[in-house]
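Tertiary structure, described
Given next are the chains, with one letter for each unit.
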Amino acid sequence: MDSTGIAERRAQEIRQLCAASLRALGADRHLELLGSRPYRGTAVLPFNAPHLYPPSPGAAFESFRGASDGMALRTLHSDTAAHLALLPENPSARLVFEVLEQFRCESLATLPGVVSNLRARHEAWSKEYLASGLAETSLGMLLYTILQVTRSRITAEPVVEESEDMIEATRANLSPVLGPLLPALRRNKLSQADFAPPALEIARLVADAVQALESRAPTRKAPKESKAAAFSLLVDVEREAALIGRTGTGTSGTLEAAAGGYTAFTRAYDKESAARDLVREDLLRGYRERIAARVHTEAVNTALLAKKLQGLLCVPERSGHDSGAEEGLLDASRLGQLIASPTESRLFKTERFEPVAAATITFLVDCSGSMKQHAEGLAAFLDVLVRALERIEVPCEVLGYTTGAWNGGRALKDWRRAGTPENPGRLNELSHLVFKDAATPWRTGRPGLAAMLKSTLYREGIDGEAVRWALSRLETQGQERRILVVISDGSPADGATANANDENYLQHDLAAVLRGAEAAGSTTILGLGLGLDMSEYFRRSTILDAGRLGGSESVRDLLGLLERSLRPGR
């Protein structure tokens, strides 16, 4: 794995640790971090203080822990409904009120390690802010000073050392108006209701000061692109406060406004096919030989893999008794031996248990254009897994999803003939592929897996509908535990759909499908990212080294993800 992959893997491990800390400190097992955003179940938590979202994946571990600890304290000590009811309309006032409430919750930390993490995050955020150049403007310095002074007063900690001299003049100018209000913040920090009035008054005063500054400089230049995106609200206060820290979330305004939710303009051209039927037999034989050679080269121990999977996916079931034991239950049928041989001790029997499959698993493969380069390694990876699962009699499907055409195809033409109505929904032809179904054994299903090497199958990706399809197939399986493993190297993408709706239409739908499935709880959904961190969408995910697919490392990564995900309480 290259240095980029190692860094992404490390970032994912840190996120998993922070998510565990969030649940433990927040005393709520339903809390989760997806990307950088906190969720409770399917609902994103509206925590909009900018220091809760470290902008750089390379930030120190303490900075991420401080952010997650701050989120946990917010869930413990703040009534979200009461807070939202008091939020000011003015964006800059809303920002200040949000941050003051966050500071209040953080000031209630009692564990020394948590206090240290919160301080580390605040110092890191302060240095990031100064490095961004935002403090070079009057508005930027005003807001920075407000946040430094109020946090210091609420938590009884000093302001960041690097800021002492820098903020002194602004702090002196603010003292006459803020001075009488600051003691009330600290005095009332134990009560959200009593804390709110002085916090709102400070927010109002800041909004007035911001308005005065902007009226004096109406032609203020936009910030340079090099400035950190996480601080954009502190420069452009007309943006919604809810956007703090939510870069790349994939929210679709079109989909949020649609009364009927996600839709497709037409389903007339959608199809589901057996993948082997789309490839000539002579090509399948050649593809199969390539996969066999790759599997032989990687030399994964299938028997050992099957044994490890058995411990995760099977349960012991009573299948009779073994006689001739020296301890256990007395075996009446062997009492005669005691008379013939008084020293005989093998008069007992023990219960015999055999592992029985208690799960069914589906692998759903992204067959968008960028996945072509991974086809051979991925086919070898799945070939080994299918063989191992068959050994322990765990039903297994391998499915794929792509589109029937590039950039819309016949669906797009129909839309144009209809006069291009607004917000048409999905504008492409779905092509769902069955590489191997649950009833087909590995030996018979090998040609279907070989079809994965057919490069012309790979077009665009409509992930949300593919997940719905795979889940519906899993529902027909009779096993107690159902597992869906989605393998991809990127977000959903279809040019026609994005152009006719908005660029996040498919991303928003995928996120909604996954959140809904997680909330239902009937299926465990895992994400395998090929060189990509998929935690923005998947609660449980890991990164696979795309250059080493099919080998022991990728198999070991999947086993680790299964073990973490199937653990009781997760």
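Keep in mind that this is a model prediction, so the values were computed, not measured.

1. Some words on the overall build of the chain
Each helix and strand counted, the chain has 21 helices and 13 strands in total. For the chain, buried positions account for 52% of its 570 residues. When contacts within the chain are restricted to residue pairs at least 6 apart in sequence, long-range pairs at least 24 apart make up 76% of them. Split by element, the accessible area of the chain, about 25,600 Å² in all, is 51% carbon and sulfur.

2. A few points about the sheet that holds strand S1 (residues 31–34)
The sheet built from three strands is open, its strands ordered S1-S2-S3 with antiparallel pairing. The open sheet terminates on both sides in strands that have one partner only, identified here as S1 and strand S3 (43–44). In terms of strand pairing, S1 meets strand S2 (residues 37–40) through four bridges, oriented antiparallel. Paired with Leu 33 across the two strands is Pro 38, which belongs to S2.

3. Thoughts on empty space enclosed by the protein
Within the structure shown, the criterion is met by one cavity of 30 Å³ or more. Of the pockets and cavities examined, the largest cavity occupies roughly 30 Å³. Taken together, Pro 46, Phe 47, Arg 74, Ser 78, Thr 80, His 83 and Leu 84 form the lining of the largest cavity. Counting residues per element, the lining of the largest cavity draws most heavily on helix H3 (residues 80–86), at three residues. A class-by-class count of the residues in the lining of the largest cavity yields three nonpolar, three polar and one charged.

4. Here's the deal with the pairing of strand S12 (residues 523–530)
A large share of S12 lies buried, amounting to eight of its eight residues. Neither face of S12 is open: one carries Thr 523, Ile 525, Gly 527 and Gly 529, the other Thr 524, Leu 526, Leu 528 and Leu 530, and all of them are buried. Where strand S11 (residues 481–488) meets S12, seven bridges bridge the pair, whose relative direction is parallel. Within the sheet, the bridge partner assigned to Ile 487 lies in S12 and is Leu 528. Alignment of S12 against strand S13 (residues 541–544), held across four bridges, turns out to be parallel. Bridging from a neighbouring strand, Gly 527 pairs with Ser 541 of S13.

5. Things to note about the pairing of strand S8 (residues 359–366)
With respect to burial, S8 is a largely interior element, eight of its eight residues being buried. Where S8 meets strand S9 (residues 396–403), six bridges bridge the pair, whose relative direction is parallel. In the sheet register, Asp 366 faces S9, and the bridge partner there is Tyr 401. For the segment spanning S8, helix H15 (residues 375–391) and S9, crossover handedness is right-handed.

6. Observations regarding unusual backbone geometry
Look at Ala 299: it is not a glycine, yet its phi comes out positive at around 55°. The residue Ala 299 is located in the loop between helix H12 (281–298) and helix H13 (302–313) in this model. Unusually for a residue other than glycine, Glu 393 sits at a positive phi of about 60°. Within the fold, Glu 393 resides in the loop between H15 and S9. Exposure remark for Glu 393: the relative accessible area of 64% places this residue in the exposed category.

7. A closer look at the nonpolar core
If you look at the biggest cluster of nonpolar residues, it comprises 58 residues, and the most contacted ones within it are Phe 363, Phe 381, Leu 382, Val 398, Met 452 and Ile 487. The biggest single contributor to this core is H15, with eleven residues. Counting residues in each nonpolar core, the second largest holds 57 residues, with Tyr 53, Val 114, Ile 146 and Leu 147 among its members.

8. Some remarks on the packing of aromatic side chains
One pass over the full model with this rule turns up four aromatic pairs. Within the aromatic cluster, the residues linked to one another by ring pairs are Trp 125, Tyr 129 and Tyr 144. Directly above the ring of Phe 195 sits Arg 104, whose terminal nitrogen or CZ lies 6.0 Å from the centroid. Positioned over the ring face of Trp 442 is Arg 446, at 4.9 Å from the centre of the ring.

9. Points about the sheet that holds S12
Judged by pairing direction, the sheet is mixed, and its seven strands sit side by side in the order S4-S10-S9-S8-S11-S12-S13 without closing on themselves. Every interior strand has two partners, whereas the edge strands, strand S4 (271–274) and S13, have only one. Strand-to-strand twist of the sheet, defined as the mean angle between neighbouring strand axes without regard to direction, takes the value 25°. As defined by bridge partners, S8 adjoins S11 across seven bridges and the pair is classed as parallel. Within S11, the position partnered with Ala 359 by the bridge is Arg 481.

10. Notes on the packing of helix H6 (residues 138–155) against helix H7 (residues 164–178)
Packing of H6 against H7 leaves a shortest axis separation of 9 Å and a crossing angle of 75°. As summarised for this structure, H6 and H7 are arranged roughly perpendicular, according to the angle between their axes. Packed against H6, whose contacting residues are Met 141, Leu 142, Tyr 144, Thr 145, Ile 146, Gln 148 and Val 149, the element H7 presents Met 166, Ile 167, Thr 170, Arg 171, Leu 174 and Leu 178 at the interface. Classifying every residue of the contact of H6 with H7 by side-chain character gives nine nonpolar, three polar and one charged.

11. Brief notes about helix H9 (residues 192–216)
The end-to-end C-alpha distance of H9 is 36 Å, a good match for the 36 Å that 25 residues give at a rise of 1.5 Å each. If you follow the buried residues of H9, they end up packed against helix H2 (61–77), H3, helix H4 (91–106), H6, H7 and helix H8 (182–187).

12. Observations regarding the packing of H12 against helix H17 (residues 442–450)
It is the contact of H12 with H17, at a shortest axis distance of 8 Å, that shows an interaxial angle of 105°. Considering the angle they form, H12 stands roughly perpendicular to H17. Each of Leu 284, Tyr 287, Arg 288 and Ile 291 in H12 lies in contact with H17, whose residues at this interface are Trp 442, Arg 446, Pro 447, Leu 449 and Ala 450. Split into classes, the residues belonging to the contact of H12 with H17 amount to seven nonpolar, no polar and two charged.

13. Remarks on the environment of Glu 376
By secondary structure assignment, the location of Glu 376 is in helix H15. The exposure class of Glu 376 is partly exposed, given its relative accessible area of 25%. Once residues within four sequence positions are removed from consideration, Glu 376 is found in contact with Arg 290, Arg 294 and Leu 453. Within polar-contact distance, the side chain of Glu 376 engages the side chain of Arg 290 at 3.0 Å.

14. Considerations on the confidence of the model for the chain
Across the chain, the average pLDDT comes to 85, with 87% of residues at or above 70. Across the chain, the secondary-structure element scoring lowest on mean pLDDT is helix H10 (residues 232–235), at 40, and the one scoring highest is strand S10 (residues 430–436), at 97. Between residues 219–249, whose pLDDT stays under 50, and residues either more than four places distant or in other chains, the model counts 56 contacts.

Procedures and definitions
- Residues numbered from 1 in each chain as written.
- Predicted model: local features only at pLDDT ≥ 70, side-chain atom pairs only at ≥ 80, totals over all residues.
- Heavy atoms only, no water.
- Helix = DSSP H or I, 4+ residues; strand = E, 2+ residues; numbered from the N terminus.
- Buried < 20%, exposed > 50% of the residue type's maximum accessible area, 1.4 Å probe, protein only.
- Contact = heavy atoms within 4.5 Å.
- Areas by Shrake-Rupley, 256 points an atom, 1.4 Å probe, with all protein chains shown as cover.
- Pairing = 2+ DSSP bridges.
- 1 Å grid on protein atoms, 1.4 Å probe; cavity = no way out; pocket = protein on both sides within 12 Å on 5 of 7 lines; lining within 4 Å.
- Points joined across faces, edges and corners; volume = space filled by probe spheres on them.
- Nonpolar A, V, L, I, M, F, W, Y, C, P; charged D, E, K, R; others polar.
- Right-handed = clockwise from strand over helix to strand, strands pointing away.
- Core = buried A, V, L, I, M, F, W, Y, C linked by side-chain atoms within 4.5 Å.
- Phe/Tyr/Trp six-rings, centres within 6.5 Å; stacked < 30°, edge-to-face > 60°.
- Lys NZ or Arg CZ within 6 Å of the ring centre and 35° of its normal.
- Axes fitted to C-alpha atoms, helices over the stretch in contact; angles between N-to-C directions.
- Parallel < 35°, antiparallel > 145°, perpendicular 65-115°, else oblique.
- Expected span 1.5 Å × (residues − 1).
- Polar contact = N/O pair within 3.5 Å; in protein donor to acceptor, adjacent residues only side chain to side chain.
- pLDDT = per-residue confidence, 0-100.

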